[in-house]
Amino acid sequence: MLRRRTGLRLTGLLVLLVFTAFFFVPIVWLLLAPTKTDHQLVFLSNPFAFGSFHNLAHAWHAVFNFQNDALLTWVKNSAIYSVGGVVLAIVAAVPAGYGLALTKFIGRRTLLAVTLVVMIMPATALVLPLFLEINLVKLTDTPWSVILPFSFFPFGVYLTYIFFSSTIPADLLAAARIDGCNEWDVFRRIALPLARPVVALVAFFAFVADWNNFFLPFVMLPDSTKYSLQVGLEYLVNSTPAFNPSVPAVGATIFRPELALATIVAVAPVLIVFLFAQRTLVSGMLAGATKE
Amino acid sequence: MVLLVLFGIAPTGYAIYLALTTRTAHFAGVSNFTNTYNDFRFLPAFKHVAQFMVIWLASQAVFVVGLALMLHTMTRRLSSAFRFLFYLPGALAGAASVLVWLFLLDPSVSPWHFVLSALGYSSLGQSILPAHLPLIFAFVAFWTGAGGWIVVMYGALNNIPHELIEAAELDGAGAFRTALSVKLPLIKKWVVYMLILSFAAGTQLFVEPELVGQASLGLVSQSWSPNQLAYVLAFQNDNFNGAAAISVDLLVLGLLCAAALVFRTKLFEVE
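1. Let's talk about the overall build of chain B
- Helices and strands together make up the secondary structure of chain B, namely 14 helices and zero strands.
- Secondary structure elements of chain B occur, N-terminal to C-terminal, as α-α-α-α-α-α-α-α-α-α-α-α-α-α.
- Counting over 271 residues, chain B shows a buried share of 49%.
- Partitioning the contacts of chain B with sequence separation of at least 6, the portion at a separation of at least 24 is 69%.

Dropping the structure here:
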């Protein structure tokens, strides 16, 4: 009996170790890759060796000088699209969640159900229809073509709805009304200051979703100076002889270490958010589905 | 509210309109649907995604639940360290995750080259053969997504009352038995929730085949997944109506999943 139990425990430990390697090794490898030369990546026997800072600096220069600072442009584009999308999403989602939670109007339940359905429906399903719509009003190839759809963030509405309906007592708002606040004042002076944590949460989720979005900017913005970082990464894959042999190796500046570095740059903002806000994000994921 | 109409309902309506009309805006009935269905790329695209889905959903159901149950028997600090490690790849969603996997699958640079060479692959072309793709995309999706779900399952497990587990232990159930007969049934609805959401997301596969297709030098079709086919139809074959028809197909699939989740399970309270 005792032996069987240790056996089970050992198997369990082994399984955990395998999965830890599966999840974690790629990240360590990715972080170390830019410190090595392409040659070292192939021929160094220990894949987890640290190269040198000199190599890192070299990769840094190569990747940032690629096609007149293209990477920097993409970073800037991504920042504009995501921040613009986040701001509009908050402006739209917070009052909407407030309205759904604390006012009574006809069709409220239907509206809430529709919000839930579009929240669960994957956003990519709407990309092509959205393109056709945006094309109709001639906004394709402008930043608005991604910012406006980004501002549509039903998950944010649902989160604020949960927050307002579970944490703010209706009596509090009624008291404010008796004291002479009009509806707008009630929202702005009472509800909004109390909702600060949920606004931060919505901002996090919207930012991560917008920053990582690939399909929408890919379809909307065909011009390489307007690429988002994610689409730019694909362009880089196409520009390296490592993954596209039709690119001549002579004169090419993007190799695997550079590509790895660009990937790190692309995920850095989200990774930082993850590291510092892990707890908040996790509680939000659960809040998305339980009403506690 | 306005946004919901503008960017949720209006595009849907417009897509349905396009799907039902011809290029010259005549009513076309279901001909766009039948035409795309008869397109030689249509069925393979859906078949690819179905293969991917079977592998991915099965591995998610087994490993996410298994790992969460395992972590739940550990001390709090140890399990939170593991949860964090598993969760981390979630930050590398989208194009970045695919790039990382291109590196991992390239035997010349992969930190797992011994695994690849044990399988007999010596070049990137060999490891991303078209037949391997459903499996590879399942790996990528699992790598980025599983951690988040493990955290959710763990949270659900934590909601199980302590007395219940203690009672099971008093009755002589070992850790294994408790996990299987007591904890698992109690988190079943979360497993269903995960599977439905993943199914809806899985039908939308785009970045993965797009990027791997680029790196495969034409070995992988540009219309590997239904979303890609719609994209190719719209932008290369100039057939917006056909593209709209496929979008509507996918939308209906996504809507069905969403509606099933909202109305059939009691996870989301509307009131």
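2. Digging into the overall build of chain A
- Tallying secondary structure elements over chain A gives 14 helices and zero strands in all.
- Going from the N terminus to the C terminus, chain A shows its helices and strands as α-α-α-α-α-α-α-α-α-α-α-α-α-α.
- The buried share of chain A, taken over its 292 residues, is 43%.

3. So, the domain arrangement of chain B
Residues and elements named next belong to chain B.
- Per the domain assignment, the segments making up chain B are domain 1 (1–38 + 226–265) and domain 2 (43–224).
- Taken together, the contact between domain 1 and domain 2 spans 13 residues of the former and 18 residues of the latter.
- For the side of domain 1 that touches domain 2, the elements supplying multiple residues, two or more each, are α13 (226–235) and α14 (240–264).
- The element best represented in the side of domain 1 that touches domain 2 is α14, accounting for seven residues.
- In the side of domain 1 that touches domain 2, the residues fall into nine nonpolar, four polar and no charged.

4. Focus on helix α10 (residues 175–186) of chain B
Residues and elements named next belong to chain B.
- End to end, α10 covers 16 Å across twelve residues, agreeing with the expected 16 Å (1.5 Å per residue, within 8%).
- Turning to α10, its buried residues number three or more, namely T178, A179 and K183. The buried residues of α10 occupy one face: seen down the axis, they fall within an arc of 95 degrees. Facing away from the buried side of α10 by more than 90 degrees, the exposed set consists of S181 and P185.

5. What to know about helix α8 (residues 154–167) of chain A
- The end-to-end C-alpha distance of α8 of chain A, which contains 14 residues, comes to 20 Å, matching closely the 20 Å that a straight helix rising 1.5 Å per residue would cover.
- For α8 of chain A, the full list of buried residues reads P154, F155, G156, V157, Y158, L159, T160, Y161, I162, F163 and F164 of chain A.

6. Quick notes on the domain arrangement of chain A
All names here are of chain A.
- If you check the domain split of chain A, you get domain 1 (2–65 + 239–285) and domain 2 (70–223).
- Tallying the contact residues gives eleven residues for domain 1 and eleven residues for domain 2.
- Mapped onto the side of domain 1 that touches domain 2, the elements with two or more residues apiece are α3 (53–65) and α14 (256–287).
- Per-element tally for the side of domain 1 that touches domain 2: the top contributor is α14, with nine residues.
- A class-by-class count of the residues in the side of domain 1 that touches domain 2 yields nine nonpolar, two polar and no charged.

7. Brief notes about the nonpolar core
Residues and elements named next belong to chain B.
- Grouped together as the largest cluster of nonpolar side chains are 156 residues, with contacts concentrated most on A68, L99, I150 and M153.
- Broken down by element, the residue count for this core peaks at 17 residues, all from helix α8 (residues 133–158).
- If we skip the residues at most four places from it in the chain, A68 touches I150, M153, Y154 and L157.

Cut-offs and rules
- Residues numbered from 1 in each chain as written.
- Chains lettered and ligands numbered in written order.
- Predicted model: local features only at pLDDT ≥ 70, side-chain atom pairs only at ≥ 80, totals over all residues.
- Helix = DSSP H or I, 4+ residues; strand = E, 2+ residues; numbered from the N terminus.
- Buried ≥ 20, exposed ≤ 12 C-beta atoms within 10 Å, placed from the backbone.
- Contact = placed C-beta atoms within 7 Å.
- Domains from an automatic or database assignment.
- Nonpolar A, V, L, I, M, F, W, Y, C, P; charged D, E, K, R; others polar.
- Expected span 1.5 Å × (residues − 1).
- Arc of directions from axis to C-beta.
- Core = buried A, V, L, I, M, F, W, Y, C linked by C-beta atoms within 7 Å.

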